[in-house]
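Next come the chains, spelled out residue by residue.
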Amino acid sequence: MDPALLREREAFKRRAMATPTVEKKARTEPSYAAPKDIKKPRPSVAPPKIDASNYKTMSGSSQYRFGVLAKIVKHMRSRHQEGEDHPLTLEEILDETNQLDIGSSVKSWLQTEALRNNPKIDVTPEGRYVFKAVFKIKDGKSLMRLLKQHDLKGLGGVLLDDVQESLPHCEKVLKNRASEIVFITRPNDKKKVLFYNDRSANFQIDEDFQKLWRAVTVDAMDDAKIDEYLEKQGIRSMQDHGPKKPIIPKRKKAQAKKRQFKKPRDNEHLADVLETYEDNTLTQSNAVQEIKQKN
């Protein structure tokens, strides 16, 4: 071999050894790969869309039905308080309350059940509807007549809430009749009660009697203690007043009846036979005794 080529070969090896290199190994993939269980995502079912145009025409829930009924009752009450007391049909009520787009099932429920059984709605013989107030009063005269009747019969006062619901233009009427009405606020629920102001019962009371009346406190005393105090003071005129306790009559004990021992009733149908048998037995026994005595 040519010595020059050998020298070049040796020089090439030295240069190759001096130069650092990074060897990249090729990845060997397996010839067979096991199949993997890949779960495919299920297609999501979209919820049904609610169309705003036919929402009210759908067969709604009970909450929607009672919402429609509450709106009708509120409208009928406001009509009555404004003085409009003429009856309306169901279509007219729905028109005034802007509820003409309700479903047929809700409409039939209102006509057959809800409005007929509602305590605040009254149905006329013609099938129309009107608000049913607590009291049938239309003006100040009818209000004063109602308060007088309650006062004469001892029924007490009338709640202001019931009057406001029943009387049209209530605030105006109460303002004009303020001198004829007494307003009392109940301590338990702070509701106002109306009483008839009977001016014939007004009279002057002596100041000394007023002082004595205010000095006596009976808040912590019951009726038994008051009766005891009056009896000690020698006052017995209050015994016939006030509610009387019903006297329960004592039950009388029933007298014990003497037991009568009855004779047994067995063989009553053989009474005649037994008597004949007893007579024959006695006769035979007597005959036997006579024969023995003769012998």
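Scroll up a little and you will see the structure.
To start, this report covers the structure provided alongside it. Because the structure is a prediction, the values reported are computed rather than measured.

With that settled, consider the side chain of His 80. Of note, His 80 is situated in helix H2 (residues 62–81). For His 80, a relative accessible area of 12% gives the class buried. Apart from the residues lying within four places of it in its own chain, the contact partners of His 80 are Phe 131, Ala 133, Glu 165, Ser 166 and Pro 168.

The antiparallel open sheet is built from three strands, whose spatial order is E3-E5-E4. The sheet terminates laterally at strand E3 (158–159) and strand E4 (181–185), the two strands that pair on one side only. As defined by bridge partners, E3 adjoins strand E5 (residues 192–196) across two bridges and the pair is classed as antiparallel. Paired with Val 158 across the two strands is Leu 194, which belongs to E5. Along the sheet, helix H5 (residues 140–153) contacts E3, E4 and E5; its crossing angle with E5, the most-contacted strand, is approximately 85°.

What follows deals with helix H1 (residues 3–18). Taking 1.5 Å of rise per residue, 16 residues should cover 22 Å, and H1 covers 23 Å from first to last C-alpha, within 8% of that figure. Along H1, only zero of the 16 residues are buried, which leaves the element largely exposed.

This part takes up a nonpolar patch on the surface. Where nonpolar side chains cluster on the molecular surface, the patch consists of Phe 203, Ile 205, Phe 209 and Trp 213 and spans about 530 Å² of accessible area. Topologically, Phe 209 is positioned in helix H8 (residues 207–215).

By secondary structure assignment, the location of Arg 128 is in the loop between strand E1 (121–123) and strand E2 (129–131). For Arg 128, a relative accessible area of 31% puts it in the partly exposed group. Sequence spacing of Arg 128 and Thr 89 is 39 residues, and the spatial spacing of their C-alpha atoms is 4.7 Å. In contact with Arg 128, other than residues within four places in its own chain, are Pro 87, Leu 88, Thr 89, Glu 92, Asp 122 and Val 123.

Cut-off values and rules
Residues numbered from 1 in each chain as written. Predicted model: local features only at pLDDT ≥ 70, side-chain atom pairs only at ≥ 80, totals over all residues. Heavy atoms only, no water. Helix = DSSP H or I, 4+ residues; strand = E, 2+ residues; numbered from the N terminus. Buried < 20%, exposed > 50% of the residue type's maximum accessible area, 1.4 Å probe, protein only. Contact = heavy atoms within 4.5 Å. Pairing = 2+ DSSP bridges. Axes fitted to C-alpha atoms, helices over the stretch in contact; angles between N-to-C directions. Expected span 1.5 Å × (residues − 1). Patch = residues over 30% accessible without salt bridge, like charges linked within 9 Å, V, L, I, M, F, W, Y side chains within 5 Å. Areas by Shrake-Rupley, 256 points an atom, 1.4 Å probe, with all protein chains shown as cover. Salt bridge = Lys/Arg side-chain N within 4 Å of Asp/Glu carboxyl O.

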